[in-house]
Amino acid sequence: MHVPSFGHGLAEALLVEWVAAVGDRVERGDVIAVVETDKASTEIVAERGGQVTAHCAAVGTILKSGEALYQLAAG
């Protein structure tokens, strides 16, 4: 799954927290991670249900819109 667009000309955000750990099962709409832009903190939510199989970035990483954020196995 990829980093969403942050809108309003914001192209990047700081990953401040992983809410869903690798191995966790999530449903569509569950919070996966929290990111912070210079405007606000934003929750990244699952686009579909499944099991988180990998995080593609560490807390403290600057993320760019469109980059891989985490991997989700169907299920």
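Predicted, not measured: the structure shown is a model, and the values here were computed from it.

Student: Can you walk me through the environment of T61 in this structure?
Tutor: Considering the arrangement of structural elements, one finds T61 in the loop between β5 (50-55) and β6 (62-64). We classify T61 as partly exposed; its relative accessible area is 28%. When the C-alpha atoms of T61 and G49 are compared, they prove to be 25 Å apart, with twelve residues separating the residues in sequence. Look past the residues within four positions of T61 in its chain and what remains in contact with it is A13, L14 and L15.

Student: Would you take a moment to explain the pairing of strand β1 (residues 12-18) for this structure?
Tutor: Regular strands place their side chains on alternate faces of the sheet. One ladder, built from three bridges, connects β1 with β6; its direction is antiparallel. Its bridge partner being in β6, E12 is matched across the sheet by K64. By the bridge criterion, four bridges tie β1 to strand β3 (residues 31-36) in an arrangement that is antiparallel. Across the sheet, the residue bridging to W18 is A33, located in β3.

Student: What is the right way to read the nonpolar core from this model?
Tutor: Most often, soluble globular proteins keep nonpolar side chains buried together rather than apart. Judged by nonpolar contacts, the single largest core of 17 residues is most densely connected at L15, W18, V26, I32, L63, L69 and Y70. Where this core is concerned, the elements lending two or more residues are β1, β3 and β7 (70-73).

Student: What am I meant to see in the sheet that holds β5 here?
Tutor: Paired through backbone hydrogen bonds, the strands of a sheet run either parallel or antiparallel to each other. Pairing in this open sheet of three strands is antiparallel, and the strands run β2-β5-β7 from one edge to the other. The sheet is open, and its two borders are formed by β2 (25-26) and β7, each paired with just one other strand.

Conventions we followed
Residues numbered from 1 in each chain as written. Predicted model: local features only at pLDDT ≥ 70, side-chain atom pairs only at ≥ 80, totals over all residues. Heavy atoms only, no water. Helix = DSSP H or I, 4+ residues; strand = E, 2+ residues; numbered from the N terminus. Buried < 20%, exposed > 50% of the residue type's maximum accessible area, 1.4 Å probe, protein only. Contact = heavy atoms within 4.5 Å. Pairing = 2+ DSSP bridges. Core = buried A, V, L, I, M, F, W, Y, C linked by side-chain atoms within 4.5 Å.

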